[in-house]
Amino acid sequence: MDLDEVTIESIRARLLGGDVTSSELVEAYLARIHASDKAGPRLNAIATINPRALEEAAEADRQLRATGTLTGPLHGVPVVLKDNVETAGIRTAFGTEAAANNVPSSDAFVVKRLRVAGAIILAKSTMADFGASWFSTSSLSGLTRNPYALDRDSGGSSSGTAAAVAANFAAVGVGGDTGGSIRLPASFCNLVGLRVTPGLISRVGIAPLVFEQDTAGPLARSVRDAAILLDALVGYDPQDSLSVNGRERQRPYAEMPTGGLDGLRLGILTQLVEGPNSSSEVIRVFWEVTKTLQVEGAHPVYLQVPELESALETTSLYLARSRADLDGFIASRPGIEAENVHQIYEQGRYHAALDLFEAIATSENSGIHGSDYEARAGAQVRLRDGIIDLMDRNHVHVLAFPDVQVPPPLHSDVTSRRWNSLHYPTNTVLAAQTGLPALSVPMGFTRAGLPVGLELVARPLQEHLLLRAGLAVETRLGARRRPNLGSQGD
């Protein structure tokens, strides 16, 4: 079976047709990981292989032979997980050497959901220490290479999941997004990445960064695969206080009409297209795509949010809450060799380029009881309400802009700290700091062959609309293409 760009539906059809077994799929993916992750181009996307992956695949094959039916929508489908998602019996290190020996005794809620759906947990993927970076900077694994340009970063903090799915190391992957950690690597790796309304997917068993903003979500090579994976992840969890949103699904997300772009009103936030740090190449790709979508029936509406730059700074919660959230998590996990974030900082057990981790570790925040947190959380609500009002007044279905204002950076730029994390020119923080769902869809490449992603943002709990719009855009643009790893040397 050719693994390049294989879809969930094609895997299911071939399993049912007897053309391939789950065991053969897992063996083929593991061979590809061996050839291109640890050797060859050495992407460094995989942190830990599930030692029971082949055993689990063999059991899926036995069930199919015995019943003639698939046990769930992901039966036998190999999936990679970001390494902040806890997995029983498989090392989960959260990207930090301080947890290099941590092996959880129980699965995160989303892992339980994946197992019920029949998925095979193939591997855990690389990530920045506790997700505190826009890049792949990890004290445990170092840097993860971009499959489209090995000297460039794959984006963070779901760097390994994105690089692995882009390179066809697995069918689909699960990432995590606090400020953009699904959508930014999706943009850099020519993938579809979905940030859902927080609470739609339970966060139990996933390392936190900012409680209100944290969510897991799909990384996939197509909108349809992302929707199928989303259906498996969503569900109510009484242990997550935001999980009431998991009850809101009225029909499967994968039930998407295949209609075109006629009548779709795109709210173009021009401030996020041509900002002071915007790359001319990203601007060019975006406006060319906008023209194409308009020809196909979409209606662009040009909008601006008053004092947006200031609002995004005011609504940032990292230095107001993250230390308290991380300290509570670390204290509850005996497998992490530290008592709190500051101790990891004092011991120097983090990647040298993690300025945001340093800022969090040395912050004086007191979590939800601090006045700074209360002011910023209130500002988030006001910004969200203002954006929704802007969309309503202009009859806009979704907002649209580039995920990031610049192409994937060189690793040398990352390690030299060319950018400060709190001022990196990513547009993904808008949805994250307002609690809005957002979808990244490939929209093209720079002249140098670097991927550029289109971000679509909807109102809370409008994931169905977001996926329909994303499918229409994907169908028209066809901008996803596999990387040619064989043409790239070390």
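Position numbers for residues start from 1 in each chain and track the written sequence from start to end. Reporting of local features is limited, given that this is a predicted model, to residues whose pLDDT is at least 70; pairs of side-chain atoms are given and counted only at 80 or more, and all residues count toward the totals for whole chains, interfaces and linings. Where side-chain values are given, they derive from all heavy atoms of the structure, hydrogens and water being excluded.

Digging into the pattern of salt bridges
Turning to step 1, where the next piece is worked out: One side-chain nitrogen of Lys or Arg within 4 Å of one carboxyl oxygen of Asp or Glu is enough to make a salt bridge. Counted under the stated rule, the structure contains 32 salt bridges.
Turning to step 2, where the next piece is worked out: Linking D4 and R32 is a salt bridge whose minimum nitrogen-to-oxygen distance equals 2.7 Å. Taken as a pair, D4 in the segment before α1 (8-17) and R32 in helix α2 (residues 22-36) lie far apart in primary sequence, 28 residues in all.
Turning to step 3, where the next piece is worked out: Only protein chains enter the area calculation, which uses a 1.4 Å probe; residues under 20% of their type maximum are buried, those over 50% are exposed, and those in between are partly exposed. Since its relative accessible area comes to 22%, R32 is described here as partly exposed.
Turning to step 4, where the next piece is worked out: Notably, a salt bridge pairs R393 with D389, separated by 2.8 Å at the nearest N-O pair. Taken together, the positions of R393 and D389, both in helix α13 (residues 371-393) and four residues apart, correspond to about one turn of that helix. Numbering of helices and strands starts at the N terminus; helices are DSSP runs of H or I of at least 4 residues and strands are runs of E of at least 2.

Comments concerning the packing of helix α4 (residues 109-116) against helix α7 (residues 223-233)
Turning to step 1, where the next piece is worked out: With axes taken as lines fitted to C-alpha atoms, and helix axes fitted only over the stretch in contact, angles between N-to-C directions fall between 0 and 180 degrees. Close contact between α4 and α7 brings their axes to 8 Å; oriented N to C, the two are set at 110°. Taken together, α4 and α7 sit at an angle that is classed as roughly perpendicular. For the pair α4 and α7, the contacting residues are V110, R113 and L114 in the first and L229, D231, A232 and L233 in the second.
Turning to step 2, where the next piece is worked out: Its residues placed into classes, the contact of α4 with α7 shows five nonpolar, no polar and two charged. For classification purposes, angles smaller than 35 degrees are called roughly parallel, those larger than 145 roughly antiparallel, those between 65 and 115 roughly perpendicular, and all remaining angles oblique. By the convention used here, residues are in contact when the closest approach between their heavy atoms is within 4.5 Å. By the convention adopted, Pro, Cys, Tyr, Trp, Phe, Met, Ile, Leu, Val and Ala count as nonpolar, Lys, Arg, Asp and Glu as charged, and the other residues, Gly among them, as polar.

A word on the packing of helix α8 (residues 280-295) against helix α16 (residues 463-477)
Axes are the key here: two packed helices are described by the angle between their axes and the distance separating the axes.
Turning to step 1, where the next piece is worked out: For the pair α8 and α16, interaxial distance at closest approach is 11 Å and the crossing angle is 100°. In terms of orientation, α8 lies roughly perpendicular with respect to α16. Contact residues: V289, T292 and L293 in α8; V473, R476 and L477 in α16.
Turning to step 2, where the next piece is worked out: Its residues assigned to classes, the contact of α8 with α16 comprises four nonpolar, one polar and one charged.

Thoughts on the layout of surface pockets
Turning to step 1, where the next piece is worked out: Put plainly, a pocket is an open set of points on a 1 Å grid over the protein atoms alone with protein on both sides within 12 Å along at least five of seven lines, a cavity is a set where a 1.4 Å probe fits but cannot get out, and a lining residue has an atom within 4 Å of a point. Grid points are joined across faces, edges and corners, and a volume is the space filled by probe spheres set on the points. Of the voids in this model, the largest pocket is the one considered here, and its volume is about 660 Å³.
Turning to step 2, where the next piece is worked out: As for the largest pocket, its lining consists of 28 residues, of which E309, L312, E313, L422 and Y424 are closest to the centre.
Turning to step 3, where the next piece is worked out: Elements with a contribution of two residues or more to the lining of the largest pocket: α9 (308-314), α10 (318-331) and α13.
Turning to step 4, where the next piece is worked out: The greatest single-element share of the lining of the largest pocket, amounting to four residues, is contributed by α9.

Topic: the sheet that holds strand β13 (residues 451-457)
Turning to step 1, where the next piece is worked out: By this definition, two strands are paired if DSSP reports at least two bridges between them. The strand order β1-β3-β2-β6-β8-β7-β12-β13-β11-β9-β10 describes an open sheet built from eleven strands, whose pairing is mixed. What marks the edges here is a single partner per strand, and that holds for β1 (46-49) and β10 (299-303). Strand-to-strand, the axes of this sheet are offset by a mean angle of 30°, without reference to chain direction.
Turning to step 2, where the next piece is worked out: Note: β1 against strand β3 (residues 120-125), three bridges, orientation antiparallel. Looking at β3, one finds that T48 is bridged to K124.

What about the pairing of strand β6 (residues 172-177)?
Turning to step 1, where the next piece is worked out: Burial within β6 is extensive, with six of its six residues counted as buried.
Turning to step 2, where the next piece is worked out: By the alternation rule, side chains of β6 split into V172, V174 and G176 and G173, G175 and D177, which are all buried.
Turning to step 3, where the next piece is worked out: The pairing of strand β2 (residues 78-82) with β6 spans three bridges and is classified as parallel. Note on β6: the bridge partner recorded for V79 is V172.
Turning to step 4, where the next piece is worked out: Taken together, the five bridges between β6 and strand β8 (residues 215-220) define a ladder with antiparallel strand orientation.

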